[in-house]
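# Report on the structure
Single-letter residue listing:
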Amino acid sequence: MSEEQSNDYWKANLRLIQWSLVIWALVSFGFGILLRPLLSGIKVGGTDLGFWFAQQGSILVFLALIFFYAWRMNKLDRQHGVDEQ
Amino acid sequence: MMDQFTINLLFVGASFALYIGIAIWARAGTTSEFYAAGRGIHPVTNGMATAADWMSAASFISMAGLIAFVGYDNSTYLMGWTGGYVLLALLLAPYLRKFGKYTVSEFIGDRFYSPTARLVAVICLIVASVTYVIGQMTGVGVAFGRFLEVSNTTGLLIGAAVVFAYAVFGGMKGVTYTQVAQYVVLILAYTIPAVFISLQLTGNPIPGLGLFGDHTASGEPLLAKLDQIVRDLGFAEYTVHHGDTFNMVLFTLSLMIGTAGLPHVIMRFFTVPKVSDARWSAGWALVFIALLYLTAPAVGAMARLNITDLMWPNGTDGQAVSLEQIENEPQYDWMATWQKTGLLGWEDKNGDGRIQYYNDASPAMEEKAAANGWAGNELTNFNRDILVLANPEIANLPGWVVGLVAAGGLAAALSTAAGLLLAISSAVSHDLIKGAINPSISERGELLSARIAMAVAIAVATYLGLNPPGFAAQTVALAFGLAAASIFPALMMGIFSTKINNHGAVAGMVAGLLVTVVYIFLHKGWFFIPGTASFDDADPLLFTVKSTSFGAIGAAINFAVAYLVAGMTKETPQEIKELVRSVRIPRGAAAAQSH
């Protein structure tokens, strides 16, 4: 495999990681902590959406993120011809 | 009818027989099997074992109690200990699997082409792991103390002996299958009582949904009801943010980074067949972890509600529970059993024959206390670490549920203690002795030194576990801070930056570890010895940063120092740049061994 090919693969991977980490931070540090006051108008079962994100929502999003990343990367591996054979 | 003690013994005994049976069946033979289980483990199996390894006394025994008595502000544990898996899956696991060695420090030693880097990594791993084991021993003491109905100290000593015997038995291979069994025991033990309690309080069988549902007895939302009754007693409202936001963010970040820097978790990803499996494995691990973590906040909130109801059976406006009720009514039996461990205590200060439980530090309660002749909070001691284990008794659930929870708590503490002891012993025998001191050591000698290292680690942890620097989950949080400040940055830079050279990595790790260790010791006492602390977490040295939250700052220092030093010293050699390039690409990973 050429150096250029592997650079493209790595760049695509880094882009994916960046976006995933933005979401990761948004649901936990964002919705769960810092942005909670902004979400306080949205009521969820006796409290607000920020509380839900801090105790349930962030965990669910983390799960979705990891599976999404694994699926995308395994596809990316094949597209760039760097998957295990 | 069997008494509770016999039921507990039966459940704990049966679960132990199961684990030991599996350990004998899958006994480790070669060194390769001892460390990495022959790289032949399916991602789902591996995920389950990782979950058991990961969810320790801190998650099982301690965490819900910390949430119960603080509320929203302790959501940090939930986000921190799950969010770390995202970092692990995206930033570390697949690359370390591709690299294909046994231990974390081997990677650091090879990537930074420096035996010194490897040695420093080993020291970082040992410091973090031993701190972690101290937290486990605290939990083991609580669990054994309760189920054998002895004092906390006796429980701890018995527990230490069991953990040692157990960890010496087999290596990773034995441990992997044992841990699958332990996962099943611990998740059933955690969720079954939670389902019962959620049904009792909200009618919803899923605790995580019940938490946001309506409280059947009052018709109000459960969390609104809880806010109201704790407010009535002068405590901080459950769902409201009270603490410092900056510290909360830092603490969550420290736990996340630390998760991705702990050797016993990372080691797990060396054992999957393929690089792509390492990515899935992290996801499966989090699935199995999430089952407990989505339940924990419900356990905490519902237990807080139940405890308050028991202490105020006539409502927070009525009369408090009487001593007579505590002695005679069956739903108060748990109080007498837990009193024996020394972790629960009450005192009728005003001599009115009743136990008033309220926040006597709250100015709002002064008037009410004076009017009613209360002389301070009379539920004088409620150790947070007993909440989960006492929970089924508090909710008056059947005896077999109580026995199951005892078995689950022990499974959680034991599986993690065993995984950590394995990480410590491999660090000492494989990296320290074979890697640095005596490279010509025989396989036999290596295994022997691994076992001696385990024994020493457990002795130190037991000694410090007698006077722990905090509740189990808090001590464990310190270990995460140490891992966050030392190991995670080195691993991440090793993969994502070819610029960082040997000197940069060593300087970064040393700086991160030292600063964090000193900050922790200044607040928790030197080597955790009581009475030697100069500061208190209530009024920390640096702004509002508690010692448990410092790991994130330590990590930032590690990154900064590494970049600075690498910029001033000789560039990374070409062959190392090639190594980094190959680690980034899945193709060419060493084949998995079957077993």
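Keep in mind the model is a prediction, meaning the values are calculated, not measured.

This next bit is on the overall build of chain B. When helices and strands are counted, chain B shows 25 helices and 4 strands. Since a compact globule built from 595 residues should have a radius of gyration of about 25 Å, the 24 Å found for chain B is in line with a globular shape. Oriented by its inertia axes, the alpha-carbon framework of chain B measures out at about 80 × 55 × 40 Å. Put simply, chain B has 595 residues, and 62% of those count as buried. Sequence-distant contacts in chain B: of pairs separated by 6 or more residues, those separated by 24 or more amount to 80%. Put simply, chain B has 31 plus and 38 minus side-chain charges, and the middle of one group is 19 Å from the middle of the other.

Check the secondary structure of chain A and you find 3 helices and 2 strands. Listing every helix and strand of chain A by position from the N terminus yields α-α-β-β-α. Radius of gyration (C-alpha) of chain A: 18 Å, far over the 12 Å computed for a compact globule of 85 residues. With respect to the principal axes defined by its C-alpha atoms, chain A has extents near 55 × 20 × 15 Å. Partitioning the intrachain contacts of chain A with sequence separation of at least 6 by distance along the chain shows that 56% fall at a separation of at least 24. Accessible area for chain A stands at about 4,200 Å²; split by element, carbon and sulfur atoms hold 63% of it.

Turning our attention to the domain arrangement of chain B. All names here are of chain B. Each domain of chain B was delimited in the assignment, giving domain 1 (33-302 + 395-583) and domain 2 (316-389). On a C-alpha basis, the centroid separation for the pair domain 1 and domain 2 is 34 Å. In this assembly, 29 residues from domain 1 lie in contact with 21 residues from domain 2. Between domain 1 and domain 2 lies a buried interface of about 2,300 Å² when both sides are counted; carbon and sulfur atoms form 69% of it. On the domain 1 side of the interface with domain 2, the three residues burying the most area are Phe69, Arg146 and Leu233, jointly 28% of the side's total.

On to the interface of chain B and chain A, then. One frequently used descriptor of interface size is the decrease in accessible area upon assembly of the parts. Between chain B and chain A, the contact holds 53 residues from the first and 46 residues from the second. Across the chain B/chain A interface, buried area totals approximately 4,300 Å², and carbon plus sulfur atoms make up 71% of it. Contact with chain A buries area across many residues of chain B, yet B:Phe212, B:Arg279 and B:Arg587 alone supply 17% of it, more than any other trio. Run the count over chain B and chain A and you get 2 salt bridges. A:Asp83 serves as the salt-bridge partner of B:Arg587, at 3.0 Å between the closest nitrogen and oxygen. At the junction of chain B and chain A, the tally comes to 13 residue pairs in polar contact (both at pLDDT 80 or more). Those elements giving two or more residues to the side of chain B that touches chain A turn out to be helix H5 (75-99), helix H11 (222-232), helix H12 (245-259), helix H14 (275-293) and helix H22 (472-496) of chain B. Element by element, the count of residues in the side of chain B that touches chain A is highest for H5(B), at 12 residues.

As a further point, take the UniProt feature "domain: Sodium symporter small subunit" (unreviewed entry) in chain A. UniProt records the feature "domain: Sodium symporter small subunit" (unreviewed entry) at residues 7-83 of chain A, using the numbering of this structure. With 82% helix and 5% strand, the stretch residues 7-83 of chain A has end C-alpha atoms that lie 15 Å from each other.

Residues and elements named next belong to chain B. Formed by 218 residues in total, the largest nonpolar core has its most connected members in Trp54, Phe60, Trp81, Leu92, Ile108 and Tyr293. Take this core: its biggest share by element is 17 residues, from helix H20 (residues 399-437). Here this core spans two domains, and each of domain 1 (33-302 + 395-583) and domain 2 (316-389) adds at least three residues to it. Discounting chain neighbours no more than four positions away, the residues touching leucine 92 are Leu87, Ala260, Ile266, Phe488, Leu491, Met492 and Ile495.

What follows covers the UniProt feature "transmembrane region" (unreviewed entry) in chain A. Residue and element names in this part refer to chain A. According to UniProt, the feature "transmembrane region" (unreviewed entry) maps to residues 21-39 and 51-71 in the numbering used here. Within the segment residues 21-39, helix and strand shares are 95% and 0% respectively, and the terminal C-alpha atoms sit 21 Å apart. Secondary structure within residues 51-71 divides into 100% helix and 0% strand; the distance between the first and last C-alpha atoms comes to 30 Å.

This paragraph deals with helix H1 (residues 4-25) of chain B. Residues and elements named next belong to chain B. End to end, H1 covers 32 Å across 22 residues, agreeing with the expected 32 Å (1.5 Å per residue, within 8%). The complete set of buried residues in H1 reads Ile7, Asn8, Val12, Ser15, Phe16, Tyr19, Ile22 and Ala23. The arc that holds every buried residue of H1, seen down its axis, measures 155°, which confines them to one face. Facing away from the buried side of H1 by more than 90 degrees, the exposed set consists of Ala17 and Trp25.

All names here are of chain B. Counted by the stated rule, this structure contains 7 salt bridges over all chains. Salt-bridge contacts for glutamate 149 lead to lysine 340; the nearest nitrogen and oxygen are separated by 3.4 Å. Of this pair, glutamate 149 sits in the loop between helix H7 (115-147) and helix H8 (152-169) while lysine 340 sits in helix H17 (residues 333-340), and the two are 191 residues apart along the sequence. Look at glutamate 149 and you get partly exposed, because its relative accessible area is 27%.

With respect to the helices, strands and loops of the structure, B:Ile20 is situated in helix H1. Taking the relative accessible area as the measure of exposure, B:Ile20 reaches 31% and is therefore partly exposed.

Moving on: a nonpolar patch on the surface. Residue and element names in this part refer to chain B. A cluster of nonpolar side chains, contributed by Phe246, Phe535, Leu541, Leu542 and Phe543, occupies part of the molecular surface with about 490 Å² of accessible area. Mapped onto the secondary structure, phenylalanine 543 falls in the loop between helix H23 (502-524) and helix H24 (551-568). Judged by relative accessible area, phenylalanine 543 falls into the exposed class, the value being 66%.

Residue and element names in this part refer to chain B. Running from N to C, H7 and H22 point in directions that differ by 170°, and their axes come no closer than 7 Å. Considering their axes alone, H7 and H22 lie roughly antiparallel with respect to each other. Of H22, the residues touching H7 (which contributes Ala121, Cys124, Leu125, Val127, Ala128, Thr131, Tyr132, Ile134, Gly135, Gln136, Thr138 and Gly139) are Ala472, Thr475, Val476, Leu478, Ala479, Phe480, Leu482, Ala483, Ser486 and Ile487. Split into classes, the residues belonging to the contact of H7 with H22 amount to 15 nonpolar, 7 polar and no charged.

Okay, the confidence of the model for chain B next. On average, chain B scores 86 in pLDDT, and the residues at 70 or more come to 95%. Of all secondary-structure elements in chain B, the lowest mean pLDDT belongs to helix H2 (residues 31-36) of chain B, at 51, while H24(B) reaches the highest, 95.

In this description, an aromatic ring pair is defined by two values, namely the gap between the centres and the angle between the planes. A complete count under the given rule lists 32 aromatic pairs over all chains for this structure. Grouped by ring-pair contacts, the aromatic residues B:Trp54, B:Tyr77, B:Trp81, B:Tyr85, B:Tyr132, B:Phe251 and B:Phe480 constitute a single cluster. Looking at A:Arg36, its charged tip hangs above the ring of B:Tyr72, at a distance of 4.1 Å from the centre. Here the basic side chain of B:Arg304 rests over the ring of B:Phe235, its NZ or CZ set 5.3 Å away from the ring centre.

All right, on to the confidence of the model for chain A then. Here chain A averages 91 in pLDDT, while 96% of its residues score no lower than 70. By mean pLDDT, strand S1 (residues 43-44) of chain A is the weakest element of chain A at 88, and helix H3 (residues 49-79) of chain A is the strongest at 95.

Definitions and cut-offs
- Residues numbered from 1 in each chain as written.
- Chains lettered and ligands numbered in written order.
- Predicted model: local features only at pLDDT ≥ 70, side-chain atom pairs only at ≥ 80, totals over all residues.
- Heavy atoms only, no water.
- Helix = DSSP H or I, 4+ residues; strand = E, 2+ residues; numbered from the N terminus.
- Rg over C-alpha atoms; globule rule 2.2 N^0.38 Å.
- Buried < 20%, exposed > 50% of the residue type's maximum accessible area, 1.4 Å probe, protein only.
- Contact = heavy atoms within 4.5 Å.
- Lys, Arg positive; Asp, Glu negative; His and termini not counted.
- Charge placed at Lys NZ, Arg CZ, Asp CG, Glu CD.
- Areas by Shrake-Rupley, 256 points an atom, 1.4 Å probe, with all protein chains shown as cover.
- Domains from an automatic or database assignment.
- Buried area = accessible area lost by both parts, 1.4 Å probe.
- Salt bridge = Lys/Arg side-chain N within 4 Å of Asp/Glu carboxyl O.
- Polar contact = N/O pair within 3.5 Å; in protein donor to acceptor, adjacent residues only side chain to side chain.
- UniProt positions renumbered as here; feature names shortened; annotations may be inferred.
- Core = buried A, V, L, I, M, F, W, Y, C linked by side-chain atoms within 4.5 Å.
- Expected span 1.5 Å × (residues − 1).
- Arc of directions from axis to C-beta.
- Patch = residues over 30% accessible without salt bridge, like charges linked within 9 Å, V, L, I, M, F, W, Y side chains within 5 Å.
- Axes fitted to C-alpha atoms, helices over the stretch in contact; angles between N-to-C directions.
- Parallel < 35°, antiparallel > 145°, perpendicular 65-115°, else oblique.
- Nonpolar A, V, L, I, M, F, W, Y, C, P; charged D, E, K, R; others polar.
- pLDDT = per-residue confidence, 0-100.
- Phe/Tyr/Trp six-rings, centres within 6.5 Å; stacked < 30°, edge-to-face > 60°.
- Lys NZ or Arg CZ within 6 Å of the ring centre and 35° of its normal.

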